[in-house]
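# Close look at the chain arrangement
Chain by chain, the residues run as shown.
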Amino acid sequence: MQWTELVFAFVTSAVGALGGLGGAVLLVPLLVLTGTSPRLAAPLGLVSVAAGSLSAAGPQLKERTVNHRLGVTTELAAAVGAVGGALGSGLASDTFLKRFLAVVAIAAALLGGRRKGVRNLPDPALSATDVGEHVGSLSGVYQLGNGYVPYRARRLGAGLGLFGLSGVLAGMAGASGGFIKTPATSEVMHVPVRVAAATTTFTIGLTAATALTVMAVQGRLQLDHAAAVCVGSMLGGRVGALAQTRLSPPQVRRFLSVVLIVVGVILLVRS
Amino acid sequence: MSSPVLDAEPRGLSPLLRIATVVALVAAVIGTVTSGRWSFAFGGIAVGVIVAAPLLRVALFGARWARIGDRRYAVAALGLLLVTAAGAGLALL
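A short tour of the structure in this document, coming up. These numbers come from a predicted model, not from an experiment. (Residues numbered from 1 in each chain as written. Chains lettered and ligands numbered in written order. Predicted model: local features only at pLDDT ≥ 70, side-chain atom pairs only at ≥ 80, totals over all residues.)

### Some details on the overall build of chain A
- A count of helices and strands for chain A gives ten helices and three strands.
- Taken along the three principal axes of its C-alpha coordinates, chain A extends 55 × 35 × 30 Å.
- If you take every contact in chain A between residues at least 6 apart in sequence, the share linking residues at least 24 apart comes to 81%. (Helix = DSSP H or I, 4+ residues; strand = E, 2+ residues; numbered from the N terminus. Contact = placed C-beta atoms within 7 Å.)

Set out below in structure tokens:
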């Protein structure tokens, strides 16, 4: 039984769901630090991402917070990046991947710690029957407390560029890229943070599926280890999501940022 | 200006995702507590489900968007599935 992977996946997914950064960006460096090759750790990170995304899908569909048109459109860029990154990572050396992973961990720490709050305001003319996404556009309405907030995605070109970059990161490092996608969707495309986070949870599952397909074909997926990561991530993600209602996400994000910086620095020094 | 039209999710998607979640979790648990070829087989089932589920979700949304005439996003969904297939194909080369 793969206890190390199970426990790591549980803890990182719980902390990741709690902080809104995703667990894989923490899981992959941890696995590498404990002796797993980056080439084999990256697909396990993607298994963690895909498992967490699937376990969150049901509740998010019920809340109608995911904008699928926005997710599919932006994911086109991320999927192209993920395929390129996954193909490239098969050719890259372990040292390069360790350094790349260190930079990703530190970037995640900095971006996660800077995330901002709500921009869009409730419209009193809207009601519960208006909640959801609109046909033919990247817009919709979501529920915020007792209010209903309309939104429309802006600056699609800049958003697509950032999603392409997040795809490359996912393909190369096995991280979800969620720490780029959520801020890109909320801060660049002006979509409310809650919709951005839910849509990101959907899209990181897609990016992971795309990159995992490539890595499985490359023979880099250890299925026995993947089973343990899958269990840990699904359970950890649920525990983190439940705990999120009790704790302050900004505090957890700051804690997670410190951990990521420490992990990143250790990886840089070791490589 | 006409008011925006609210879209619905494809019929059967939520139950399908619930079933996929349970199947993936059960297969992963069996793959974790067993060893050897059983571990590989059930690990493979778990990974297969978590990879297939989001792609199926895109396919169902794409089919729905095509049916209601939202062609731009139906094409985007099809493109996304093609990119995934192309990635697997490129890795085989």
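### A short note on the overall build of chain B
- Regarding its fold elements, chain B presents three helices and zero strands.
- Counting from the amino terminus, helix and strand elements in chain B follow one another as α-α-α.
- The principal-axis extents of the C-alpha atoms in chain B amount to approximately 60 × 35 × 15 Å.
- Residues counted as buried form 37% of the 93 residues belonging to chain B.
- Taking contacts inside chain B between residues at least 6 apart in sequence as the whole, the part at least 24 apart equals 35%. (Buried ≥ 20, exposed ≤ 12 C-beta atoms within 10 Å, placed from the backbone.)

### Quick notes on unusual backbone geometry
Residue and element names in this part refer to chain A.
- Positive phi is not limited to glycine here, since Arg 155 has a value of about 45°.
- Owing to 13 C-beta atoms within 10 Å, Arg 155 belongs among the partly exposed residues under this scheme.
- The backbone of His 190 shows a phi angle near 60°, a positive value even though the residue is not glycine.
- Here His 190 is to be found in the loop between helix H7 (178–188) and helix H8 (193–217).

### Considering the packing of helix H2 (residues 24–33) of chain A against helix H3 (residues 38–63) of chain A
Residue and element names in this part refer to chain A.
- Running from amino to carboxyl end, H2 crosses H3 at an angle of 150°, the nearest separation of the two axes being 9 Å. By the angle between their directions, the pair H2 and H3 is classed as roughly antiparallel. Note on packing geometry: the crossing formed by H2 with H3 is right-handed. Mapping the contact onto sequence places Ala 24, Leu 27, Val 28, Leu 31 and Val 32 in H2 and Pro 38, Ala 41, Ala 42, Leu 44, Gly 45, Leu 46, Ser 48 and Val 49 in H3.
- Residues of the contact of H2 with H3, tallied by class, amount to eleven nonpolar, two polar and no charged. (Axes fitted to C-alpha atoms, helices over the stretch in contact; angles between N-to-C directions. Parallel < 35°, antiparallel > 145°, perpendicular 65-115°, else oblique. Left-handed = near helix turned anticlockwise from the far one by under 90°. Nonpolar A, V, L, I, M, F, W, Y, C, P; charged D, E, K, R; others polar.)

### Quick word on the packing of helix H2 (residues 36–67) of chain B against helix H3 (residues 71–92) of chain B
All names here are of chain B.
- Orientation of H2 relative to H3, taken along the N-to-C sense of each, is 150°, at an axis distance of 8 Å. Between H2 and H3, the interaxial angle falls into the category roughly antiparallel. When you trace H2 past H3, the crossing you get is left-handed. Seen from H2, the contacting residues are Leu 55, Val 58, Ala 59, Phe 61, Gly 62, Trp 65 and Ala 66; seen from H3, they are Arg 71, Tyr 73, Ala 74, Ala 77, Leu 78, Leu 80, Leu 81 and Thr 84.
- Of the residues assigned to the contact of H2 with H3, the class counts are twelve nonpolar, two polar and one charged.

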